[in-house]
Amino acid sequence: MTDRIKMPERPPKERAKDFKEVNTGYTKEQARDEAKRCIQCKKPLCVGGCPVEINIPGFIKAIADGDMDKAAGILKDKNDLPAVCGRVCPQEEQCELKCILGKKGKPVAIGNLERFTADWAQKNQTEAGSSKKEGKTNGIKVAVVGSGPAGLTAAGDLAKMGYDVSIFESLHEPGGVLRYGIPEFRLPAAILDHELGNLAKLGVKTCLNCLVGRTKSISDIFKEGFKAAFIGTGAGLPSFLNVPGENLNHIYSANEFLVRVNLMRGFEFPEYDTPVWIGKKVVVVGGGNTAMDAARTSLRLGAEEVTLVYRRSRQELPARAEEAHHAEEEGIKFMFLTNPVRFGGDDKGFVTEMECVKMELGEPDDSGRRRPQVIPGSNFIIPVNMAIIAIGLGPNPVLPSLTKGLERDKWGHLIIDKSYMTTLPGVFAGGDIVGGETVIQAMGMGKRAARSIDEYLKKNA
Ligand code: FAD
Ligand code: SF4
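The structure reproduced in this document is the subject of the present report. Given the structure is predicted, the values throughout are model-derived calculations rather than measurements.

1. Quick look at the overall build of the protein chain
Tallying secondary structure elements over the protein chain gives 17 helices and 16 strands in all. Computed over its C-alpha atoms, the radius of gyration of the protein chain comes to 23 Å, within 12% of the 23 Å expected for a compact globule of 461 residues. Expressed along its principal axes, the backbone C-alpha trace of the protein chain runs to roughly 65 × 60 × 50 Å. When the 461 residues of the protein chain are sorted by exposure, 56% land in the buried category. Element-wise, carbon and sulfur atoms account for 51% of the exposed surface of the protein chain, whose accessible area totals about 20,800 Å². Positive and negative side-chain charges in the protein chain, numbering 63 and 59 respectively, have mean positions lying 4 Å apart.

2. Topic: a nonpolar patch on the surface
Judged by side-chain polarity, I39, L45 and I100 come together as a nonpolar surface patch covering roughly 270 Å² of accessible area. Residue position: I39 is located in the loop between α2 (28-35) and α3 (45-48).

3. Some words on the pattern of salt bridges
Applying the stated criterion across every chain yields a total of 39 salt bridges. R320 is paired through a salt bridge with E323; the nearest N and O atoms lie 3.3 Å apart. With respect to class, R320 is no different from E323; both count as buried.

4. A word on the side chain of Q122
Examined against the element boundaries, Q122 turns out to sit in helix α8 (residues 110-124). Residue Q122 is classed as buried on the basis of its relative accessible area, which comes to 14%. With sequence-adjacent residues up to four places away left out, Q122 is seen in contact with A83, I191, H194 and E195.

5. Observations concerning the nonpolar core
Counting residues in hydrophobic clusters, the biggest one holds 87 residues, and the most contacted among them are I56, F59, I60 and L113. Residues from two domains meet in this core; each of domain 1 (12-129) and domain 2 (141-236 + 394-460) gives at least three. When near neighbours in sequence (up to four residues on either side) are disregarded, I56 contacts C46, V47, C50, C95 and I110. Core analysis: the second largest hydrophobic core is formed by 33 residues, A16, L299, L308 and A327 among them.

6. Some thoughts on the sheet that holds strand β6 (residues 251-253)
Pairing is parallel across the open sheet formed by five strands, whose spatial order is β6-β14-β7-β8-β9. Lying at the two open borders of the sheet, with one neighbouring strand each, are β6 and β9 (333-335). Neighbour-to-neighbour, the strand axes of this sheet turn through a mean angle of 20°, independent of strand direction. As defined by bridge partners, strand β7 (residues 281-285) adjoins strand β8 (residues 305-309) across five bridges and the pair is classed as parallel.

7. Observations concerning helix α13 (residues 254-263)
Counting buried positions along α13 gives seven out of ten residues, so the element sits mostly inside the fold. Tucked into the core, α13 has its buried residues touching α10 (177-180), β5 (237-238), β6, α14 (289-300), β14 (386-389) and β15 (393-394). At the exit of α13 stands R265, carrying a positive phi of roughly 55°.

What counts and how
Residues numbered from 1 in each chain as written. Chains lettered and ligands numbered in written order. Predicted model: local features only at pLDDT ≥ 70, side-chain atom pairs only at ≥ 80, totals over all residues. Heavy atoms only, no water. Helix = DSSP H or I, 4+ residues; strand = E, 2+ residues; numbered from the N terminus. Rg over C-alpha atoms; globule rule 2.2 N^0.38 Å. Buried < 20%, exposed > 50% of the residue type's maximum accessible area, 1.4 Å probe, protein only. Areas by Shrake-Rupley, 256 points an atom, 1.4 Å probe, with all protein chains shown as cover. Lys, Arg positive; Asp, Glu negative; His and termini not counted. Charge placed at Lys NZ, Arg CZ, Asp CG, Glu CD. Patch = residues over 30% accessible without salt bridge, like charges linked within 9 Å, V, L, I, M, F, W, Y side chains within 5 Å. Salt bridge = Lys/Arg side-chain N within 4 Å of Asp/Glu carboxyl O. Contact = heavy atoms within 4.5 Å. Core = buried A, V, L, I, M, F, W, Y, C linked by side-chain atoms within 4.5 Å. Domains from an automatic or database assignment. Pairing = 2+ DSSP bridges. Axes fitted to C-alpha atoms, helices over the stretch in contact; angles between N-to-C directions.

What follows is the structure, encoded as structure tokens:
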């Protein structure tokens, strides 16, 4: 078996100073060599690991045969955001985890090949597989609330089925976390814009600056003639540590920090008049992708020392392995088995220190991960002048709290049945608002909900 071809990337010292993309993508030759590693299994397990059911061996074979138009067509048949997924999907836990070659060696680099194909299609402006709608719309209006990956996928699939789809988005730009959370050095906005352009070609309309629940309600939407709605409002509610001193100045939630930098283009000051203050000594609390993104972003904006503090050990880090590896290469310091218990500040109210305790791992908790326990008397102080809290995001509460009859579970997720219908007839939901955690899970739910909406409308429209 030949070796898996490594994704080319920029040197850590160079890339840690700017927001240009870290990974540079396969060359044509590298893509073809990697594609030839696929043994074209008769029963390809990789497909079962892909929530949007891409014909993985099919598009890989087309690359190996040099037929890029065909590869792009197969990919786009199931996935309207392949250049996004090729960059941010945790393939190592999905399709690549199932790849048979992984049993004895390294799995085929399915994600890298997906990125290569999608970028090729963008560069060559191929229409292959692109989602062109046959004929006119059927005139039945469907509303999609939220333009993250769940909403975008539901909207694209419904438009392909012939529905007249409108997306209502509260922010001034579409894309959800793909726009305001994931930084430019992992997912350039231009790549996202291109994929959004493909959706617009399908006739999907987008209404920005519309906070459903406040600007208009779900019942207003039905009064406007929409026959069904899909809610994909995501998880935008930051969790906090609830420790003394957390309200001091220069302590941010990761969400606020990343929105300021990405959506408001704080990293392009002074071209954009939205500067972001950065401390010299920054701590980021958390171990997921959001924590890695916040840490690497503060480094790029000029922090001299960035320390990531995580209460479990390296083995439990929830971030994608590649992101943690890149962060470490760029100079982010990791402090494992450590948890903050207090922040202290100066007389003007600015943070100056973070008191922590050391932790040890006990028995597994409900999530199956070993529960961190405080080591008594292990308190110590880290001097800091900026802290970013990245310990999780809860479901967005605005729409459910303002919509009668839309019921939630104890975690705040919308309750749905097997067909993704909420407790309101004709209102479906998917993505992080119902408990998803990744881009591809959100897309998979958007896809399956679109099929259910179609079935529902065939009976009810
Ligand atoms: P979102 O992407 O959150 O989109 C929801 C949209 O709904 C937003 O645009 C919001 O403005 C809008 N909205 C909310 N309320 C309303 C309302 N009332 N009216 C109108 N619009 C509304 N996953 C991965 O797979 N790989 C990664 O590398 C990765 N990195 C991440 C990095 C960060 C910083 C974060 C925060 C998350 C990351 N994730 C990653 C998780 C992933 O981004 C989410 O699981 C995914 O975006 C969820 O998609 P969604 O469509 O459900 O919601
Ligand atoms: Fe190719 Fe691996 Fe899928 Fe088999 S499981 S078809 S080797 S990518």
